Amino acid sequence: MTSTVPVTSDLGAIFAAQRAAFLHAEAPALQERRADLKKLGDAISRCTDRLAAAISADFGNRSRHETELGEVFPAQSAIRHTLHHLAAWMRPKRVSVGLELVPASARILYQPVGVVGIISPWNYPFNLAIVPLVAALAAGNRIMLKPSELTPRTANFLAELLAGLFPSEQVATIVGGPETGQAFAKLPFDHLLYTGSTAVGRLIMQAAAENLTPVTLELGGKSPCILGEDAALPKAVESIVYGKLLNAGQTCIAPDYVLVPERRLEEFVGLATATVQKFYPTLAGNADYTSIINERHYRRIAQYVAEAKAKGARVVEINPAHDALPAQARKLPPTLVIEPGDDLAVMHEEIFGPVLPIKTYRALDDAIDFVNRRPRPLALYYFGTDTRKRDEVLRRTISGGAAVNTTLFHFVAENLPFGGIGASGIGAYHGEFGFQTFSHRKGVFLQSRLNASRLLHPPFGRFTDVLLRIFNRG
């Protein structure tokens, strides 16, 4: 049995089979869901070596440690957290009906929505497929998964892994190119989750609208770092460089640009240079330093740097061992672009690479205004010890998520929702938020055998007027 479906004409049949299976069977019980999650977690533990090899082959070079940190750890963390809390999440929730409706009662029932579609991206091709899959399975759904065609080895690995664990009527992996993806998005899913670019997200939403399919869009944008005047700069720079260069910057929540107090600019540049030298003493033959995914993205990022140089921006390329970096290796040196003009591509396009623009500011208000004049980002990072200023930044800016004195790690905090706002996305998942995203919250009102509802039936009269005055008072 295999759940790999390379032909778009098969999509409708796979969808119909999953819908029929969902309608025929009752929602899976807690123990069934837990068993599915446990066997998935066990399988991931057994196949980490193969996964790392597949992803590295897709990228040209991807650090094994980055794969374990950025792919395996979030997936296993999501599984462990869900197994621990799933019983409580599934339990019907009693809610108050209000004094006027006593002695009636009410509850919320959590039901699977049906057939869920997941379109996952290339930058974290395992993590961003498996983590939403965990949430959809926890909620009791059938799932069709479409991995990115830019990481074909990983897509085939996912198809093989999941086909060995689940029948295709429960989980099916659809392998194919852009045409397959377009056809996939047009299926009448009960919920569709897409992770990727804002531009493609708009197309996904248009396709889903034809079927009134609810969507969760995990997009991206330019996630800012604001360094407060009192930031512990060595630790802040280390965290920013780590967040920026993990996966060579190909991370949707990577720091995209930094706002630094004017007087601390040169200190920041010096510390960033020293940190890169410590993290990556060499680049060319360093297995820890990941390649850009393909030639098109490599040329795109290189063009951003070339444009910045041509327009007079100060550009600092950090290549500690002065390695030759041939284009075919697709390794770009960590690069600082200092005080770039707002017209440059590095300041209005999501970079998705190891290039970090740095802008200075004089007053915190200026930094906040700079962020607020731009589309709402997926993440915002603030570094500083003054809690009043920290809270001011968090209160006055709007972003999908935020982290203070660190980067990236909010992604694996399972009790936090992960999602964007505006151009950076719609909806959220992770932990209980993922379970609820893929569940229908059915409100149930239970009328008591003894109740006064007949007092509100016609014919209406003076007693009705008295009751309405009581109900409608301010």
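Residues numbered from 1 in each chain as written. Predicted model: local features only at pLDDT ≥ 70, side-chain atom pairs only at ≥ 80, totals over all residues. Heavy atoms only, no water.

### Quick word on helix H13 (residues 364-372)
1) Next: For H13, the complete set of buried residues consists of Leu364, Ala367, Ile368, Phe370 and Val371. What you see down the axis of H13 is that its buried residues fit within an arc of 155°, all on one side.
2) Next: The elements touched by buried residues of H13 are strand E8 (224-227), strand E9 (257-261), helix H12 (345-348), strand E12 (355-361), strand E13 (379-383) and helix H14 (387-396). (Buried < 20%, exposed > 50% of the residue type's maximum accessible area, 1.4 Å probe, protein only. Helix = DSSP H or I, 4+ residues; strand = E, 2+ residues; numbered from the N terminus. Arc of directions from axis to C-beta. Contact = heavy atoms within 4.5 Å.)

### Re the layout of surface pockets
1) Next: By volume, the largest pocket amounts to about 1400 Å³.
2) Next: Lining the largest pocket are 49 residues, with Tyr194, Gly196, Ser197, Thr198 and Val200 positioned closest to its centre.
3) Next: Listing elements by their share of the lining of the largest pocket, those giving two or more residues are helix H7 (178-185), strand E6 (191-195), helix H8 (198-209), helix H11 (295-310) and H12.
4) Next: Ranked by residue count, the leading element in the lining of the largest pocket is H8, at seven residues.
5) Next: Residues belonging to the lining of the largest pocket are distributed by class as follows: 23 nonpolar, 16 polar and ten charged.
6) Next: Looking at the second largest pocket, its volume works out to about 280 Å³.
7) Next: Forming the walls of the second largest pocket are 17 residues, and the residues nearest its centre are Leu69, Gly70, Leu246, Leu408 and Phe411.
8) Next: Contributing elements (two or more residues each) for the lining of the second largest pocket: helix H4 (64-90) and helix H5 (127-138).
9) Next: Here the lining of the second largest pocket is built from residues that sort into 13 nonpolar, four polar and no charged. (1 Å grid on protein atoms, 1.4 Å probe; cavity = no way out; pocket = protein on both sides within 12 Å on 5 of 7 lines; lining within 4 Å. Points joined across faces, edges and corners; volume = space filled by probe spheres on them. Nonpolar A, V, L, I, M, F, W, Y, C, P; charged D, E, K, R; others polar.)

### Topic: the pattern of salt bridges
1) Next: Throughout the structure, instances matching the rule amount to 24 salt bridges.
2) Next: When the shortest N-O distance is used, the salt bridge between glutamate 307 and lysine 311 registers 3.7 Å.
3) Next: Connected through shared salt-bridge partners, Asp365, Asp369, Glu392 and Arg396 make up one network. (Salt bridge = Lys/Arg side-chain N within 4 Å of Asp/Glu carboxyl O.)

### Some points on the confidence of the model for the protein
Parts of the model with low pLDDT should not have their predicted coordinates read in detail.
1) Next: Per-residue pLDDT for the protein has a mean of 95; in total, 98% of the residues score no lower than 70.
2) Next: Counted against residues more than four places away or in other chains, residues 1-8, with its pLDDT under 50, gives 26 contacts. (pLDDT = per-residue confidence, 0-100.)

### Here's the deal with the packing of aromatic side chains
1) Next: Evaluated as defined, the whole model comprises 13 aromatic pairs.
2) Next: A centroid spacing of 6.3 Å and a plane angle of 55° characterise the contact between phenylalanine 59 and tryptophan 122, whose relative ring orientation is tilted. With phenylalanine 59 in helix H3 (residues 48-59) and tryptophan 122 in the loop between strand E3 (115-119) and H5, this pair connects stretches of sequence that are 63 residues apart.
3) Next: Overall, the relative accessible area of 0% leaves phenylalanine 59 in the buried class.
4) Next: We classify tryptophan 122 as buried; its relative accessible area is 10%.
5) Next: Joined through ring pairs, the aromatic side chains of Phe15, Phe184 and Phe189 make up one cluster.
6) Next: Over the aromatic face of phenylalanine 59 sits the side chain of arginine 62, whose NZ or CZ is 4.9 Å from the ring centroid.
7) Next: Cation over ring: arginine 374 sits above phenylalanine 370, and NZ or CZ is 3.6 Å from the ring centre. (Phe/Tyr/Trp six-rings, centres within 6.5 Å; stacked < 30°, edge-to-face > 60°. Lys NZ or Arg CZ within 6 Å of the ring centre and 35° of its normal.)

### Digging into the pairing of E8
1) Next: Residue alternation in E8 divides its side chains into two sets, Pro224 and Ile226 and Cys225 and Leu227, and both sets are buried.
2) Next: As paired strands, E8 and E9 are joined by three bridges and run parallel to one another. Counted as the bridge partner of cysteine 225 is valine 258 from E9.
3) Next: What joins E8 to E9 is helix H9 (residues 233-245), and the crossover it makes is right-handed.
4) Next: Note: E8 against E13, three bridges, orientation parallel. The partner of cysteine 225 across the bridge, within E13, is tyrosine 381. (Pairing = 2+ DSSP bridges. Right-handed = clockwise from strand over helix to strand, strands pointing away.)

### A few points about empty space enclosed by the protein
1) Next: Under the definition given, this model contains three cavities of 30 Å³ or more.
2) Next: Taken as a whole, the largest cavity encloses approximately 70 Å³ of empty space.
3) Next: If you go around the largest cavity, the residues you meet are Val241, Lys244, Leu245, Ala272, Val276, Ile318, Pro334, Thr335, Leu336, Pro354 and Leu356.
4) Next: Elements that contribute at least two residues to the lining of the largest cavity include exactly H9, helix H10 (265-279) and strand E11 (335-338).
5) Next: Looking at which element gives the most residues to the lining of the largest cavity, the answer is H9, with three residues.

### Topic: the nonpolar core
1) Next: Counting 83 residues, the largest nonpolar core has Phe126, Leu227 and Phe268 as the members making the most contacts within it.
2) Next: Residue contributions to this core peak at ten residues, all from H5.
3) Next: Counting residues in each nonpolar core, the second largest holds 28 residues, with Ala308, Ala313, Val355 and Tyr361 among its members. (Core = buried A, V, L, I, M, F, W, Y, C linked by side-chain atoms within 4.5 Å.)

### Notes on the side chain of serine 399
1) Next: By the element assignment, serine 399 lies in the loop between H14 and strand E14 (401-404).
2) Next: A distance of 2.8 Å separates a polar side-chain atom of serine 399 from the backbone oxygen of glycine 401.
3) Next: When neighbours within four sequence positions are excluded, serine 399 is seen to be in contact with Pro377, Ala379, Leu380 and Ile421. (Polar contact = N/O pair within 3.5 Å; in protein donor to acceptor, adjacent residues only side chain to side chain.)

### Things to note about the sheet that holds strand E2 (residues 105-112)
1) Next: Here three strands make up an open sheet; going across it, the order is E1-E2-E18 and the pairing antiparallel. Edge positions in the open sheet fall to strand E1 (93-95) and strand E18 (439-446), since each of these has one partner strand only. Sheet twist, expressed as the mean angle between neighbouring strand axes with direction ignored, is 30°.
2) Next: Here E1 runs beside E2; their pairing, made up of three bridges, is antiparallel. Bridging across to E2, valine 95 finds its partner in alanine 106. (Axes fitted to C-alpha atoms, helices over the stretch in contact; angles between N-to-C directions.)

### Notes on the packing of helix H2 (residues 30-46) against H5
1) Next: Axis separation between H2 and H5 bottoms out at 9 Å; the angle between their running directions is 160°. Compared by their axis directions, H2 and H5 come out roughly antiparallel. Pair H2 / H5 crosses with right-handed handedness. Listed contacts from H5 to Arg33, Leu37, Leu40 and Ile44 of H2 are Ile130, Leu133, Val134, Leu137 and Ala138. (Parallel < 35°, antiparallel > 145°, perpendicular 65-115°, else oblique. Left-handed = near helix turned anticlockwise from the far one by under 90°.)

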